[in-house]
Amino acid sequence: MAKDSTHGQNGLGTFAGVFTPSILTILGIILFLRLGYVVGNSGLALTLAIIGLANIISVLTSFSLSAIATNIKVKKGGDYYLISRTLGVEFGGAIGIVLFLAQSVSIGFYCLGLGEVVSAIINQPIPFLPQIIAASATLFLFLLAWVGADLATRFQFGVMVFLILSLISFYLGGFSLWNNQLLEQNWLPYNRLDFDFWIFFALFFPAVTGFTQGVSMSGELSNPSKSLPLGTFLAVGISICVYISIAIVFAASTPAELLATDYASMKKTAHWPLLIDSGVIAATLSSAMASFLGAPRILQSLAADKILPFLSPFAEGSGAADNPRRAVIVSLIIALSVITIGQLDLVARIVTMFFLISYGLLNYATFYEAQSASPSFRPRFKWYDKRLSLAGFFTCVGVMLAIDFKTALIAASILFAMYQYVKRTTGPARWADGSRSYHLQRVRVNLKAAAADLEHPRDWRPYILVMSNNPEYRSELLICASWLEGGSGITTVVELLPANSSEPIKKIIDAEKTLQKDILNNESEAFPLVIAVDDALSGFQSLVQSWGIGPIHANTLMLNWRESHPRASSQTNVLLYDEQMRAAYHHGCNIAIVSTGELFQEKTQISPEGEKAYIDVWWRGDKTARLALLFAYLLQRDEMWENAQIRLFAINYQLDSDTSRENLQRALDESRITTLPKIMIDVDETSIIEHSQDAALVFLPFRLQKKGPESTFSKPLENLLSRLPITIAVLAAEDIDLDAEPEAGKIEEITTAIDNVSKAKLRLEKAEAQAAETSETRHTADNGAELPETSPEQNFQRVKQRQKQADKELEEAHKRVSREKAKLETALKKAQDLGVEEDS
């Protein structure tokens, strides 16, 4: 496994680690060999548009990069590390391979450019001369990358000098040839009839891809969160000025005919042409060197994360700096393969597509993290807005489709296929990523995905325990629970069985099957739960306290009034409803009692044509009233109730005055729930029955007294329920809190347990192999082999001594095997306690 880089005083700083490799890669082969060609064919106006559009992508991606790099500690892997730690294992594995290929292909791309320049200088009719030169340069850079980043970084400082001198030479020559008339002539494309903007954009775009080279070196930086934003923006800003100024100088100093036909037009414009040659050589070598340093580290980080098992050998590094030499060899092979193509413009289009994919995903990853509104997203980079990342993502996608629609679809398909492959083959995630926030925000539809991820508290949602031992009444509860879920909660239908019955396991299994059948018949998405209890009340108390997954706990108990009152016989039902309601309320669980009457199915047909349905809420201005109003709102999310109106009858005011109405409206405005409010004075049971008799469903507050549930008028709840339409009596035990903050999970603990199991298995295999070898030695001692020719008595004594020594060694070997087995069993037990399957 690759060692973790230590970010300390010995790491690279902003200038050497980020700015230098980035600016040298940006001001590379395209600047010297293709910018003039683009100006000549496209004209200055469209060239500036190409430069602008390309740098819009680089600037937007730099904002995303700066935000996410200052939000987490960036380690080895650069772009891959940032994307994988945000979008998860699947996208991380897919984009990691794409990024590695992109940078490895870039090595061959830059060296091909070098081959073109040097072959033009030599000017000899030697077959495949550019490829030979490119391959030679690649091997030279391979040696530098093999030695390590420190030597390669010092090499880049020398390159910087040649680059600056070559630019000075060009500016001097260009300004000396400045011609305003020529500038005007070169404003429009040279060949307007046969011009394709996107072809020249694809040719130019690799020029701006170098701004992420600093990210690829993130594992070598002393302070990544500071150096990455500063160094990246400096490199991007300076390079934009250089490209724009050189394009203008080209247009004002060199005829379009020359620019459009001669790749070496910069050399003919410069004051000292030789410096341009040296600048091209230096720039291409530095760009290739930066990619030679970045690509292997991406592969090493990908391998170290153990996403794709066949990449594991590339996790190994060499020396104190953990130099990824095995990955360097793979990059060399890819680069040499690209060089054999020998067509710089074709390779440029391939590089463009690869980098557009990676930049698009980097922008999307940052937007995804910001959009989840996780409190953990706290970037130190203050000039960030998630809309910039979203704009960067769509810009990358749009440019990909504009350049080559078919190629873009093929690239996206390959990425999707890799995503699916990683999803099906990878083991448990070895780090926390942004997907958990998304899963918990939509926990109902993503419960399984969220359960496999870290758990966090989120906004309040109804987590309902439906208690019923009678299938006759269970159907009504399942339907009402699905209404109250509002597409955001979880319902568990529970049945408690006596633990002292015969064959309890079989009865539990049969009861679960019955519950599941009822759930399916009612098209509910509830989860079944059957528990065998010694005592109904204590078992129920344990259920209320323990039900849930991590931060998800039961917060609402739902009962059917017809099943619970009058109370069923203890011989057929172990539930003591009143005591259980008190226990649930005591443990902070809200209570909802459903009263449906005998004609429930007929009553639920609430929307006959031309008739308006009402949901009545009887409001006391307390936490029960707020819960009932929220339930009424959630009810409207159901397709059956979406056109129903909420009528709110406030019974907590003494006067129906303007002040009372203003106070009520203010409270309702804060809830952001649309209602038809009305203040009721001197209300009694008869008033409630009179005003709600035409309602489709009624939410009614109640109290829990010693004698049982009572209405707000201190009378038995039965008096109202028996005379009202479908009613849900509500008692709130908690104030609704929709702002719960996420909390950290146990990913690190799980990962450690998995690693300990793997190590224990390796140690056991080694101990067993040593025991087998020792056993073979004992067998040799029995045979008395290789004894010197002495007397039989002496031979006998020597055999005995050997056997005794072999027995001792064999006993110790078996002890080692036993110890390692015990360690493995301990490691497996701990992993299983954490929910990790043995085959993981």
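Residues numbered from 1 in each chain as written. Predicted model: local features only at pLDDT ≥ 70, side-chain atom pairs only at ≥ 80, totals over all residues. Heavy atoms only, no water.

Colleague: Even after reading the chapter, I still don't get the overall build of the chain, so can you show me in this structure?
Modeller: When helices and strands are tallied, the chain shows 32 helices and 14 strands. Evaluated residue by residue, the chain yields a buried proportion of 54% over its 840 residues. A separation threshold of at least 6 residues defines the contact pool for the chain, and within that pool the share at least 24 residues apart is 81%. Accessible surface, the chain as shown: approximately 38,300 Å² in total, 55% of it carbon and sulfur. (Helix = DSSP H or I, 4+ residues; strand = E, 2+ residues; numbered from the N terminus. Buried < 20%, exposed > 50% of the residue type's maximum accessible area, 1.4 Å probe, protein only. Contact = heavy atoms within 4.5 Å. Areas by Shrake-Rupley, 256 points an atom, 1.4 Å probe, with all protein chains shown as cover.)

Colleague: Is there a simple way to think about the sheet that holds strand S1 (residues 463-467) in this case?
Modeller: Within a sheet, each strand pairs with its neighbour through backbone hydrogen bonds, oriented either parallel or antiparallel. Judged by pairing direction, the sheet is mixed, and its ten strands sit side by side in the order S3-S2-S1-S6-S7-S14-S11-S8-S9-S10 without closing on themselves. The open sheet terminates on both sides in strands that have one partner only, identified here as strand S3 (527-533) and strand S10 (676-679). If you compare each strand with its neighbour and ignore which way they point, the axes differ by 20 degrees on average. Two elements, strand S7 (residues 590-595) and strand S14 (residues 727-731), share five bridges in a ladder whose sense is antiparallel. Looking across to S14, one finds that Ser-595 is bridged to Thr-727. Against the sheet, helix H27 (residues 623-636) makes contact with strand S6 (556-560), S7, strand S8 (614-619), strand S9 (645-650), strand S11 (697-701) and S14, and its axis sits at roughly 170 degrees relative to S8, the strand it touches most. Helix H29 (residues 685-692) rests against S8, S9, S10 and S11 of the sheet, and its axis sits at about 160 degrees to S8. (Pairing = 2+ DSSP bridges. Axes fitted to C-alpha atoms, helices over the stretch in contact; angles between N-to-C directions.)

Colleague: Would you take a moment to explain the pairing of S1 for this structure?
Modeller: Successive side chains on a regular strand alternate, one facing one side of the sheet and the next facing the other. Counting buried positions along S1 gives five out of five residues, so the element sits mostly inside the fold. Burial along S1 is two-sided: Tyr-463, Leu-465 and Met-467 facing one way and Ile-464 and Val-466 facing the other are all buried. Strand direction decides the pairing type here: S1 and strand S2 (residues 490-498), joined by five bridges, are parallel. What sits directly across from Tyr-463, in S2, is Ile-490. Taken together, S1, helix H21 (residues 471-485) and S2 constitute a β-α-β crossover, and its handedness is right-handed. Pairing between S1 and S6: three bridges, direction parallel. Counted as the bridge partner of Ile-464 is Thr-556 from S6. (Right-handed = clockwise from strand over helix to strand, strands pointing away.)

Colleague: Help me understand a nonpolar patch on the surface, please; the structure alone is not making it clear to me.
Modeller: On the surface, a nonpolar cluster with roughly 530 Å² of combined accessible area is contributed by Val-161, Ile-164, Leu-165, Ile-168, Leu-172 and Trp-272. The class for Trp-272 is partly exposed, based on a relative accessible area of 43%. (Patch = residues over 30% accessible without salt bridge, like charges linked within 9 Å, V, L, I, M, F, W, Y side chains within 5 Å. Salt bridge = Lys/Arg side-chain N within 4 Å of Asp/Glu carboxyl O.)

Colleague: Mind showing me how you'd approach the environment of Ile-689 here?
Modeller: By the element assignment, Ile-689 lies in helix H29. In this structure Ile-689 comes out as buried when scored by relative accessible area, which is 11%. Spatially, the C-alpha atoms of Ile-689 and Arg-723 are 6.8 Å apart, while their sequence positions differ by 34 residues. Discounting chain neighbours no more than four positions away, the residues touching Ile-689 are Leu-720, Arg-723 and Leu-724.

Colleague: What should I look at first to understand the pattern of salt bridges in this one?
Modeller: Considering all chains together, one arrives at twelve salt bridges under this definition. Of the charged contacts, one joins Asp-518 and Arg-474 as a salt bridge, the two residues approaching to 2.6 Å between their closest N and O atoms. Residue Asp-518 is located in helix H22 (residues 504-521), and its partner Arg-474 is located in helix H21; the two are separated by 44 residues in the primary sequence. A relative accessible area of 1% means that Arg-474 is categorised as buried. Measuring nitrogen to oxygen at the nearest pair gives 2.8 Å for the salt bridge that ties Arg-647 to Asp-694. Of this pair, Arg-647 sits in strand S9 while Asp-694 sits in the loop between H29 and S11, placing them 47 residues apart in sequence. For Asp-694, a relative accessible area of 47% corresponds to the partly exposed category.

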